[in-house]
Amino acid sequence: MEWLIDKAKLRLLQGDITDQYVDAIVNTANSSLMGGGGVDGAIHRRGGPTILRECKRIRSYDWPEGLPTGKAVITSGGRLKARSVIHTVGPVWHGGGKDEARLLSDAYRNSLELAIKKGLKRISFPSISTGTYGYPMIDAARTALGTVKEFLEKKDSMEEVNFVLFTESDLRTYEEIAIALFGKPR
Ligand code: AR6
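From a predicted model like this one, the values you see are computed outputs, not experimental measurements.

Peer 1: Let's hear about the site of the ligand: which residues, and what values?
Peer 2: Close to the ligand lie 21 residues; Asn30, Gly37, Asp40, Thr130 and Thr132 are nearest. Calculation on the ligand without its partners gives an accessible area of 700 Å², and the protein chains cover 89% of this total. Because more than half of its atoms lie within 2 Å of the grid, the ligand is assigned to the largest pocket. In terms of residue count, helix H1 (residues 38-47) provides more of the shell around the ligand than any other element does, four residues in total. Here the shell around the ligand is built from residues that sort into seven nonpolar, 12 polar and two charged.

So, in structure tokens, the structure goes:
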């Protein structure tokens with residue numbers, strides 16, 4: 001499904017984020033930036049060792065203590081089809097009372113802001129925090145889509161924002177929330 005928000009296309013797709021041919025894909029990293037499972041594992045596996053090398057450099061120059069939750073950094077895409085990878089850290093779900101929604105929103109907004117700063121116009125997100133970090137899909141979808149909508153209404157240099165959901169049921173959840181927030185798709 002697809003919507004137009006100001007001048008930008010917002011699309012919901014089912015698939016593997018590492019297949020995306022865009023300016024940047026977003027990685028659901030952890031604060032070590034040293035790789036992991038899920039999206040993070042897939043990106044490093046398919047993107048090759050350059051990405052990890054760049055992450056190590058970012059750790060030693062910019063974030064020696066690790067990348068805080070909600071922040072974002074950028075590396076090249078290595079062997080991926082995507083030109084760059086934006087690494088962000090989503091919150092671990094603790095039941096909703098630990099500022100999770102604000103931190104999740106920060107992860108999306110800071111990723112978009114970094115993309116714009118680097119002149120990148122087409123970006124693909126996975127569903128941040130809804131795997132290993134245990135964030136409930138419905139709540140995550142509401143925050144993810146609401147944050148992107150607000151961002152696109154304020155800034156007009158982004159051309160395309162895709163959400164790549166791994167399963168059909170995750171895609172349906174995002175679609176329901178998107179229809180409630182944006183109205184009928186195009
Ligand atoms: N493409 C698209 N979506 C995917 C893919 C893929 N290749 N693989 C998994 N998903 P997760 P998190 C979905 O665990 O919850 C890592 O070990 C998955 O179904 O990747 O933010 C990091 O190093 C889920 O809905 O990220 C961190 O330690 C969503 O992507 C930690 O996990 C996110 O799942 C981050 O946990």
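Peer 1: Go over the pattern of salt bridges with me, naming the residues and quoting the values.
Peer 2: Under the definition given, this model contains 13 salt bridges. With a closest N to O distance of 2.7 Å, glutamate 175 and arginine 172 form a salt bridge. Taken together, the residues span about one helical turn, with glutamate 175 and arginine 172 both in helix H5 (residues 168-182) at a distance of three residues. Glutamate 175 sits in the buried class, given a relative accessible area of 9%. Salt bridges sharing partners connect three or more residues here, namely Asp99, Arg102, Asp106 and Arg109.

Peer 1: Got a sec to walk through the pairing of strand E1 (residues 2-5)? Specific residues and values, please.
Peer 2: Only one face of E1 is covered, namely the face carrying Trp3 and Ile5; the face carrying Glu2 and Leu4 is uncovered. In the sheet, E1 pairs with strand E2 (residues 8-14) via four bridges, with the strands oriented antiparallel. Its bridge partner being in E2, glutamate 2 is matched across the sheet by arginine 11. Between the end of E1 and the start of E2, which pair antiparallel, lie two residues, with aspartate 6 showing a positive phi angle near 55°.

The rules behind these values
- Residues numbered from 1 in each chain as written.
- Predicted model: local features only at pLDDT ≥ 70, side-chain atom pairs only at ≥ 80, totals over all residues.
- Heavy atoms only, no water.
- Near = heavy atom within 4 Å.
- Areas by Shrake-Rupley, 256 points an atom, 1.4 Å probe, with all protein chains shown as cover.
- 1 Å grid on protein atoms, 1.4 Å probe; cavity = no way out; pocket = protein on both sides within 12 Å on 5 of 7 lines; lining within 4 Å.
- Sits in = over half its atoms within 2 Å of the grid points.
- Helix = DSSP H or I, 4+ residues; strand = E, 2+ residues; numbered from the N terminus.
- Nonpolar A, V, L, I, M, F, W, Y, C, P; charged D, E, K, R; others polar.
- Salt bridge = Lys/Arg side-chain N within 4 Å of Asp/Glu carboxyl O.
- Buried < 20%, exposed > 50% of the residue type's maximum accessible area, 1.4 Å probe, protein only.
- Pairing = 2+ DSSP bridges.

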